Amino acid sequence: MHTFLASSSMQLSVAPNHFQPMKIVALGDSLIYGFGDPEKGGWIEQLRRWWMLPDSAGHILYNLGVRGDRTQQVAQRLEVEFRHRGELRNRVPDLIILSVGVNDSARLARPDGRNYTDFTLFEKEIASLLDLAQQLCPVLFVGMVPVDEAKMPFLDCFYYNHADQYRYKEATRIACSKRQIPYLDIFEQWMERGESWRLKRLSEDGLHPNTLGYQALLEDVINWDAIPSLRSRSVSQTDATRTMDFANAAYHSKFDYHLKPS
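Described in the following lines is the structure provided in the data block. Note that the coordinates shown come from a computational prediction; the quantities given were computed from them, not determined experimentally.

## Here we look at empty space enclosed by the protein
Going through the model one piece at a time under the given rule, you end up with three cavities of 30 Å³ or more. By volume, the largest cavity is sized at about 90 Å³. Elements supplying a minimum of two residues to the lining of the largest cavity: α2 (30-33) and α5 (102-105). Tallied by class, residues from the lining of the largest cavity come to six nonpolar, three polar and one charged.

## Here's the deal with the packing of helix α4 (residues 71-83) against helix α6 (residues 119-136)
Two elements in contact, α4 and α6, have axes separated by 9 Å at closest approach and are oriented at 10°. Here α6 runs roughly parallel to α4, going by the angle between their axes. Contacts from T71, Q72, V74, A75, L78, E79, F82 and R83 in α4 reach F122, E125, I126, L129, L132, A133 and L136 in α6. In terms of residue class, the contact of α4 with α6 is built from ten nonpolar, two polar and three charged.

## Considering the side chain of S56
By secondary structure assignment, the location of S56 is in the loop between α3 (43-50) and β2 (60-65). Here S56 falls in the buried class, since its relative accessible area comes to 16%. In terms of polar contacts, S56 uses its side chain to reach the backbone carbonyl oxygen of W50, at 3.4 Å. Separated by 2.8 Å, the side chain of S56 and the backbone oxygen of L53 make a polar contact.

Calculation criteria
Residues numbered from 1 in each chain as written. Predicted model: local features only at pLDDT ≥ 70, side-chain atom pairs only at ≥ 80, totals over all residues. Heavy atoms only, no water. 1 Å grid on protein atoms, 1.4 Å probe; cavity = no way out; pocket = protein on both sides within 12 Å on 5 of 7 lines; lining within 4 Å. Points joined across faces, edges and corners; volume = space filled by probe spheres on them. Helix = DSSP H or I, 4+ residues; strand = E, 2+ residues; numbered from the N terminus. Nonpolar A, V, L, I, M, F, W, Y, C, P; charged D, E, K, R; others polar. Axes fitted to C-alpha atoms, helices over the stretch in contact; angles between N-to-C directions. Parallel < 35°, antiparallel > 145°, perpendicular 65-115°, else oblique. Contact = heavy atoms within 4.5 Å. Buried < 20%, exposed > 50% of the residue type's maximum accessible area, 1.4 Å probe, protein only. Polar contact = N/O pair within 3.5 Å; in protein donor to acceptor, adjacent residues only side chain to side chain.

Pasting the structure below:
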């Protein structure tokens, strides 16, 4: 995993007031949205619920993920989304979490087709996105999840593969490193855990994590040393799982949001 120290300005901005909950916006693609997890809604949703518990840090988290988004589309809506999430007049969020790039890497129509976003263009677009985000507030970047190549194509059109994923995530990691933006290399971590481990955590479509996968992703984020100030206390993977199970149980006991037959 490649983790980069935040600048002093980031450290001050992330925790301007020890007792003041942060407002955080998470922007990106379906990995932010949580597609593939009908039980818990993805890692952002679980984190949002956790921070609503009485003994939590109490941070306010907005899920602004859009399925299918590429880097250019996230950049186009970034500032507008950011400016509308301050809650109070003349206030803006304290932190941006980004996760995007996998859709840029897909090959169109056939395994050797052109990339959805040309790689050279992607390098420029990811740099532009990071520069724009840093002008607004401190930034964290959560990398992409490796796909199941055997399940491709996705939607009979998009061919994702590990080689292209690696190129695009490395371009993103390097761009983050140059700007001292912490980057969580999920692709590298999940590849190191082995194929059997990965496949159990991917949905049938081979692209999106399933409930177990989003739980693993959540634990990877919670235990990431780039964001200790976002936690109210030190959390182990076991503690994180128990806490999220409690949060989900408490949520469902109060709100039954499942569709019921008429």
